[in-house]
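Residues per chain, in single letters:
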Amino acid sequence: MTTSVRITYSSADQDEASWIPGLQAALPGAEVSLWQPGVPQADYAVVWKPPQQLLDEQRGLKAIFNTGAGVDAMMKLRLPSGVPVIRLDDAGMSVQMAEYVCHAVIRHFREFDGYEADMASGKWSFRKPRSRIDYPVGVLGLGVLGERVAKAVAQFDFPVNGWSRSPKTVEGVQCFHGAAQLDAFLAASRIVVCLLPLTPETDSILNARTLAQLRPGGYVINVARGAHVVDADLLAAIDSGHLAGATLDVFRVEPLPKGHAFWSHPHITITPHTSARTLRSESIAQIARKIAALQGGQTVAGTVDAARGY
Ligand code: NAP
Ligand code: GLV
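Cut-offs and rules
- Residues numbered from 1 in each chain as written.
- Chains lettered and ligands numbered in written order.
- Predicted model: local features only at pLDDT ≥ 70, side-chain atom pairs only at ≥ 80, totals over all residues.
- Heavy atoms only, no water.
- Helix = DSSP H or I, 4+ residues; strand = E, 2+ residues; numbered from the N terminus.
- Rg over C-alpha atoms; globule rule 2.2 N^0.38 Å.
- Buried < 20%, exposed > 50% of the residue type's maximum accessible area, 1.4 Å probe, protein only.
- Contact = heavy atoms within 4.5 Å.
- Areas by Shrake-Rupley, 256 points an atom, 1.4 Å probe, with all protein chains shown as cover.
- Lys, Arg positive; Asp, Glu negative; His and termini not counted.
- Charge placed at Lys NZ, Arg CZ, Asp CG, Glu CD.
- Near = heavy atom within 4 Å.
- Polar contact = N/O pair within 3.5 Å; in protein donor to acceptor, adjacent residues only side chain to side chain.
- Nonpolar A, V, L, I, M, F, W, Y, C, P; charged D, E, K, R; others polar.
- Axes fitted to C-alpha atoms, helices over the stretch in contact; angles between N-to-C directions.
- Parallel < 35°, antiparallel > 145°, perpendicular 65-115°, else oblique.
- Left-handed = near helix turned anticlockwise from the far one by under 90°.
- Core = buried A, V, L, I, M, F, W, Y, C linked by side-chain atoms within 4.5 Å.
- Domains from an automatic or database assignment.

**Student:** Describe the overall build of the protein, with residues and values.
**Tutor:** Secondary structure assignment for the protein yields 11 helices and 12 strands. Over its C-alpha atoms the protein spans a radius of gyration of 21 Å, differing by no more than 12% from the 19 Å that the globule rule assigns to 310 residues. Principal-axis analysis of the C-alpha atoms places the extent of the protein at approximately 65 × 40 × 30 Å. Here the protein holds 310 residues, and the buried ones make up 49% of them. The contacts of the protein with a sequence gap of at least 6 include a subset with a gap of at least 24, amounting to 60%. When the accessible surface of the protein is summed, it comes to about 14,800 Å², and 54% of that surface belongs to carbon and sulfur atoms. Of the charged side chains in the protein, 29 are positive and 29 negative; the average position of the first set lies 2 Å away from that of the second.

Here it is as structure tokens:
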């Protein structure tokens, strides 16, 4: 099957020394090589933030595999028409997202930051137990990652709301959908978790207007893309006391520039875009299965709808 398949690989920040032999091992008989200007035409491209030149030169591609879940960077490029873009579909990311978000929710809810500060000052002091019912968690985006996160948070008996573009039914989750139900979703949530793809419709979705809809003492967890949040609006909402704080894994500019207010804000926790990493062996296995399926004329999950942008 794979005897005559040619794969070209290019990544802005992954390690070709391990991806290329990994793809080769998963697709015996395929020819896998690093993309460089002028290389022969390939059947498939496996890429992360590829150069425009690759897409312009490779005119015979049957599909482009994105080695991440989010395709916002790819959508900014001029894509060859009619060639499907296929993103990672979980590949070990949803469990990472679930543990990251549950950690952030529980850390806030159980006031672990406060206990850490008490420990530093040698203070033995209990805080009053909080009621879960007062901490409904709203998950923006109920896709591959958001649904897993919503179900994981619900396991801790928090009330959970979810918001998607199309109507959904998820056990244990109160589901909202579409722009018309966004305000109702926000008003029903105190902690909001962003797991939306970045598209023109979702850019800057967490802004002064929407943050004001959250219940007082609200908390923001952004694990999707930095441009979902209007930084100044988030800071103002925290500084005014309307929001209690935020845990942010993603930023408009990455690495987060030195001196940005998020670095030193006492109520903001940051991590370096690490909530769900691309896992090499799971991702290679998924891509290899999908190439085999495409070669066999089948359709595959994770095919991006260019009109929707995700
Ligand atoms: P997905 O399966 O495509 O799910 C996207 C969800 O967002 C779907 O439920 C979709 O609604 C909803 N949505 C999209 N546009 C919407 C809109 N305009 N209004 C309401 N809902 C909308 O994506 P995923 O695999 O869960 O990944 C989500 C994002 O996480 C990625 O795009 C990526 O940016 C981010 N991510 C971050 C990291 C990290 O390390 N920080 C790692 C992986 C992924 P429908 O269900 O109705 O289509
Ligand atoms: C990471 O941010 C991804 O989109 O996979």
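**Student:** Give a detailed account of the site of ligand 1, specifying residues and quantitative values.
**Tutor:** If you check the shell around ligand 1, you find 31 residues, and the closest are Arg87, Arg165, Ser166, Lys168 and Tyr310. Leu142 places a polar main-chain atom, nitrogen or oxygen, 2.9 Å from an oxygen atom of ligand 1. For ligand 1, a nitrogen atom lies 3.1 Å from a polar atom in the side chain of Asp249. When ligand 1 sits alone it has 940 Å² of accessible area, and the protein chains cover 93% of it. Elements represented by at least two residues in the shell around ligand 1 include exactly helix 4 (93-109), helix 6 (144-154) and strand 7 (160-164). Tallying contributions element by element places helix 6 first for the shell around ligand 1, with 3 residues. Partitioned by chemical class, the residues of the shell around ligand 1 number 15 nonpolar, 9 polar and 7 charged.

**Student:** Please set out the side chain of Asp72 residue by residue, giving values where relevant.
**Tutor:** Position of Asp72 among the secondary structure elements: in helix 3 (residues 72-75). Of note is the side chain of Asp72, whose polar atom sits 2.9 Å from the side chain of Arg225.

**Student:** Could you give an account of the packing of helix 1 (residues 16-26) against helix 11 (residues 280-295), with specific residues and numbers?
**Tutor:** Between helix 1 and helix 11, whose axes approach to 9 Å, the crossing angle comes to 45°. Judged on the interaxial angle alone, helix 11 and helix 1 are oblique. Crossing angle aside, the handedness with which helix 1 passes helix 11 is right-handed. Contacts between helix 1 and helix 11 pair Ser18, Trp19, Gly22, Leu23 and Ala26 from the former with Arg280, Ser283, Ile284, Ile287 and Ala288 from the latter. Across the contact of helix 1 with helix 11, the residue classes tally to 6 nonpolar, 3 polar and 1 charged.

**Student:** Give me the site of ligand 2: which residues, what numbers.
**Tutor:** Neighbouring ligand 2 are the residues Gly68, Ala69, Gly70, Met93, Arg225 and His273. Interatomic distance of 2.7 Å between a backbone N/O atom of Ala69 and an oxygen atom of ligand 2. Interatomic distance of 2.7 Å between a backbone N/O atom of Gly70 and an oxygen atom of ligand 2. For ligand 2, the accessible surface in isolation is 190 Å², of which the surrounding protein chains cover 86%.

**Student:** Any details on the nonpolar core? Residues and values, ideally.
**Tutor:** Counting 52 residues, the largest nonpolar core has Ile7, Val101 and Ile221 as its most contacted members. In terms of residue count, the dominant contributor to this core is helix 4 (9 residues). Lining this core are residues from two domains, each supplying at least three of them: domain 1 (6-91 + 278-295) and domain 2 (93-270). Leave out the neighbours within four places in its chain, and Val101 touches Val149, Val153, Val193, Ile221 and Val223.

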